[in-house]
Amino acid sequence: ELKEIVFIIQSQSNSFHSKRAEDLKRDILKQAADLGKELPTVLLIHQMNRHEGAWTILPLMRDLSVTYGGNSSWIFFCEEDTRIQVVKLLETLGRFDASKEWFLGKALYDEESTIIHHYAFAENPTIFKFPDFAAGWALSIPLVNRLANKLKSEPLKSDFTIDLKHEIALYIWQKGDGPHLTPVPEFCTNEANSYKVDHCATTFSNFLPLCGEPVKKEDVFVGVKTCRKFHADRIPIVKQTWEREAALIEYYSDYAEISIPTIDLGVPNTDRGHCAKTFAILERFLNQSSSRVPWLVIVDDDTLISISRLRKLLSCYDPNEPVFLGERYGYGLGTGGYSYITGGGGMVFSRIAVQKLLASKCRCYSMDAPDDMVLGMCFSGLGIPITHSPLFHQARPMDYPKDYLSHQIPVSFHKHWNIDPVKVYFTWLAPNTEDSFYGKKAGYNREDL
């Protein structure tokens, strides 16, 4: 029965995202009403629990078990851009005995071991499957109840959340004592109008959001963090690739080199962390009185980014809101903790977010503190939410499953290790490569990258 499914939309509190989640909730309830069925429960994750770590899902298991453990069969999770055919979903879940432990989803796997998964299953990473959240994924209530009991006796450790879908699958698997992910062919990430979706209970509609005209070039200021030892090998790659897309760009270093040019912020280089440098960039952005630029992007000198795609994405966000956008990680979320935007994929700030941050007096606890984590701590303390976009990437294209990247038009990648970064840029990010995401090849073959 439909009323035995609890739908949970992996929503966010930013106004653009919460509206999309509300639209999906309305669509699910309308489909249920049109069927003449008793309405299911539809929850938005950002409204369920004020716990900072609600987005990591496992901290919710005890509440889900207590509230729904007695009268529901399934918890079905989906993203705000997942589209659901309720009738087909009912048929699909009906194939599984809900009195048993099930973990269902569209299976992803690593083709080679990767740093973002701590080189898990290094000998054969393809054996471990984890769900593509975009297609939706489901837990049977007996599994939810067992996870809730386990969390009661063994609270989540205070460490990092880096790739949630992989970490949830690992936690459920319990080193082989729990269920593996069961692949469900009806959970799909094809677009709803694709000829391939007749059998699908779910589809996925979001490549790159565009909510009107792209933000003007002159409304995005780009700050590149570098240092003297990387001037010769990293900065030329930025200049060969994405620099031309940026109308306003400055390079911040520990040494002023006129030929680039770099700006010496008066902050010595540190081997790690760079907190003092990042806060100096924020101060400079705010205090340039000639400029009222609404958006600031801070990237590393080995970040590859599409500014033209970022401008489209930013059309969906209100620059009058405090926005802190990028790829979200978490630290210590099982015991309080905070979320943060990981720096390598690029950190995007609305001017008002920078104003609120600097007015707060929240600062680095040391010059070489990790800047992205300190920013997360500060924004968390201010009650300003981290806004996650899966289009920013802390690692290289080869570090992600091909199937996962196939339903994205990415905004950024990071790192030059063992790749040709110029080739990666022109294959994945250059302004003329959008067509290749719709089946036409552009420039290079993605299979090689």
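Not measured: the values here are computed from a predicted model. (Residues numbered from 1 in each chain as written. Predicted model: local features only at pLDDT ≥ 70, side-chain atom pairs only at ≥ 80, totals over all residues. Heavy atoms only, no water.)

Enquirer: I keep staring at the sheet that holds strand β1 (residues 5-9) and nothing clicks. Help me out?
Expert: What links the strands of a sheet is backbone hydrogen bonding, and the strands pair in either a parallel or an antiparallel sense. On the basis of which strands lie adjacent, the open sheet formed by 6 strands has the order β2-β1-β3-β8-β5-β10 and mixed pairing. Edge positions in the open sheet fall to β2 (41-44) and β10 (182-183), since each of these has one partner strand only. As paired strands, β1 and strand β3 (residues 74-78) are joined by 5 bridges and run parallel to one another. In the strand pairing of β3, V6 is matched with I75. (Pairing = 2+ DSSP bridges. Helix = DSSP H or I, 4+ residues; strand = E, 2+ residues; numbered from the N terminus.)

Enquirer: How do you make sense of the packing of aromatic side chains when you look at a structure like this?
Expert: The geometry of an aromatic ring pair is captured by the separation of the ring centres together with the interplanar angle, meaning the angle of the planes. What the rule picks out here adds up to 22 aromatic pairs. Between Y338 and Y340, the ring centres sit 6.3 Å apart and the planes meet at 55°, which makes this aromatic pair tilted. Across the pair, exposure class does not vary: Y338 and Y340 are buried alike. In this structure an aromatic cluster arises from ring pairing among F160, Y329, Y331, Y338 and Y340. In this structure, R328 packs its charged tip against the face of W55, placed 4.0 Å from the ring centre. (Phe/Tyr/Trp six-rings, centres within 6.5 Å; stacked < 30°, edge-to-face > 60°. Buried < 20%, exposed > 50% of the residue type's maximum accessible area, 1.4 Å probe, protein only. Lys NZ or Arg CZ within 6 Å of the ring centre and 35° of its normal.)

Enquirer: I would appreciate a short explanation of the environment of I260 in the present structure.
Expert: Position of I260 relative to the elements: it lies in the loop between β13 (248-253) and β14 (262-264). A relative accessible area of 9% means that I260 is categorised as buried. Along the primary structure I260 and K129 are separated by 131 residues, whereas in three dimensions their C-alpha atoms are 45 Å apart.

Enquirer: Is there a simple way to think about the pairing of strand β18 (residues 328-331) in this case?
Expert: Within a regular strand, the side chains alternate between the two sheet faces. Where strand β9 (residues 160-161) lies against β18, 2 bridges are found, and the strand directions are antiparallel. Following the sheet pairing, F160 is matched in β18 by Y331. Pairing between β18 and strand β19 (residues 338-341): 4 bridges, direction antiparallel. Each residue of the ladder has a partner; that of Y331, found in β19, is Y338. Counted between consecutive antiparallel strands, the loop separating β18 from β19 contains 6 residues, among which G332 sits at a positive phi close to 60°.

Enquirer: Teacher, can you tell me more about the nonpolar core here?
Expert: A general trend in soluble globular proteins is that nonpolar side chains are found buried together. Among the nonpolar cores identified, the biggest contains 85 residues, and M61, L139 and L310 are the most heavily contacted of them. Two domains each provide a minimum of three residues to this core, namely domain 1 (5-204) and domain 2 (217-429). Not counting residues within four places of it along the chain, the set of residues in contact with L310 comprises V220, V297, I305, V348, F392 and V411. (Core = buried A, V, L, I, M, F, W, Y, C linked by side-chain atoms within 4.5 Å. Domains from an automatic or database assignment. Contact = heavy atoms within 4.5 Å.)

Enquirer: Where do I start with helix α5 (residues 141-153) in this structure?
Expert: An α-helix turns once every 3.6 residues. As a result, residues three or four positions apart point the same way. Between its first and last C-alpha, α5 extends 19 Å over 13 residues, near the 18 Å set by a 1.5 Å rise per residue. As for α5, its buried residues are in contact with α3 (61-68), β3, β5 (103-105), β8 (137-140) and α6 (164-173). (Expected span 1.5 Å × (residues − 1).)

Enquirer: Would you mind going over the packing of helix α8 (residues 275-287) against helix α11 (residues 371-382) with me for this structure?
Expert: A packed helix pair is summarised by two numbers, namely the angle formed by the two axes and the spacing between the axes. Relative orientation of the contacting elements α8 and α11 amounts to 60°, with a least axis distance of 8 Å. Here α8 is positioned oblique relative to α11, judged by the angle of their axes. Residue-level contacts link C275, T278, F279 and L282 of α8 to D371, V374, L375 and C378 of α11. Partitioning the contact of α8 with α11 into residue classes produces 6 nonpolar, 1 polar and 1 charged. (Axes fitted to C-alpha atoms, helices over the stretch in contact; angles between N-to-C directions. Parallel < 35°, antiparallel > 145°, perpendicular 65-115°, else oblique. Nonpolar A, V, L, I, M, F, W, Y, C, P; charged D, E, K, R; others polar.)

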